[in-house]
Amino acid sequence: MSAPTAAEWRPDPLLTIDDVAGWLGKPKNTLYAWHSRGKGPRAIRVGNTLRYRRSEVERWLDDHTDPER
C-alpha cells in the first residue's frame, strides 16, 4: 500500500464541542470538565474554543469500550 498523494490526502475533521456532546450524549459542561481534568477525548484549543479530531474521539471510545464477554 502506498502513501497517499497530496491530492488524495484529507484532513481529519475537527469537531466542535456541540458535535462531540451530541455524539456522546453528554452535556457540553461534562466535556469541559473532562478537558480541564485531563479526561475524555483529547482536544485542541483553537482560540477560545475546543475542537476534537474525529479520530481522537473514535480512539477514546475504543479505549473505553467494555471487552467482549
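Small disclaimer: the values here were computed from a predicted structure and weren't measured. (Residues numbered from 1 in each chain as written. Predicted model: local features only at pLDDT ≥ 70, side-chain atom pairs only at ≥ 80, totals over all residues. Heavy atoms only, no water.)

**Q** Help me understand the overall build of the chain in this model?
**A** Scanning the chain from N- to C-terminus turns up three helices and three strands. Long-range pairs, those at least 24 residues apart, make up 46% of the contacts in the chain between residues at least 6 apart in sequence. (Helix = DSSP H or I, 4+ residues; strand = E, 2+ residues; numbered from the N terminus. Contact = heavy atoms within 4.5 Å.)

**Q** Explanation requested: helix 1 (residues 17-24) in the structure shown.
**A** Among the residues making up helix 1, those that are buried are Ile 17, Val 20, Ala 21 and Leu 24. Buried residues of helix 1, seen end-on, are gathered within an arc of 100° and therefore sit on one face of the element. Buried residues belonging to helix 1 abut strand 1 (14-16), helix 2 (28-37), strand 3 (49-53) and helix 3 (54-63). Trailing helix 1 by a residue or two, Gly 25 shows a phi angle of about 70°, which is positive. (Buried < 20%, exposed > 50% of the residue type's maximum accessible area, 1.4 Å probe, protein only. Arc of directions from axis to C-beta.)

**Q** Got a minute to help me understand the pattern of salt bridges in this structure?
**A** Should their charged atoms come close, side chains of opposite charge can pair. Applying the stated criterion to the full structure yields four salt bridges. Taking the shortest distance from any N to any O, the salt bridge between Arg 59 and Glu 56 comes out at 3.0 Å. A residue pair is termed a helical-turn pair when its members lie 3 or 4 positions apart in one helix, as Arg 59 and Glu 56 do in helix 3 at three residues. Exposure remark for Arg 59: the relative accessible area of 36% places this residue in the partly exposed category. Connected through salt bridges with shared partners, the residues Arg 42, Glu 56, Arg 59 and Asp 63 form a single ionic network. (Salt bridge = Lys/Arg side-chain N within 4 Å of Asp/Glu carboxyl O.)

**Q** Looking at this structure, how should I read the packing of helix 1 against helix 2?
**A** Between two packed helices, what matters for the description is the angle formed by their axes and the separation of those axes. Helix 2 packs onto helix 1 with a crossing angle of 105° between their chain directions and a minimal axis gap of 9 Å. For the element pair helix 1 / helix 2, the angle class is roughly perpendicular. The residues of helix 2 that touch helix 1, namely those facing Ile 17, Asp 18, Val 20, Ala 21 and Leu 24, are Lys 28, Leu 31, Tyr 32 and Trp 34. (Axes fitted to C-alpha atoms, helices over the stretch in contact; angles between N-to-C directions. Parallel < 35°, antiparallel > 145°, perpendicular 65-115°, else oblique.)

**Q** Even after reading the chapter, I still don't get the environment of Asn 29, so can you show me in this structure?
**A** When you line up the elements, Asn 29 lands in helix 2. Placed twelve residues apart in sequence, Asn 29 and Ile 17 show a C-alpha to C-alpha distance of 9.6 Å.

**Q** Help me understand the nonpolar core in this model?
**A** The nonpolar side chains of a soluble globular protein tend to be buried, and buried together. Membership of the largest hydrophobic core is limited to eleven residues, which are Leu 15, Ile 17, Val 20, Ala 21, Leu 24, Leu 31, Trp 34, Leu 50, Tyr 52, Val 57 and Trp 60. Those elements that provide at least two residues to this core are helix 1, helix 2, strand 3 and helix 3. Here the element with the most residues in this core is helix 1; it accounts for four residues. Apart from residues no more than four positions distant in its own chain, Ala 21 is found in contact with Lys 26, Pro 27, Lys 28 and Leu 31. (Core = buried A, V, L, I, M, F, W, Y, C linked by side-chain atoms within 4.5 Å.)

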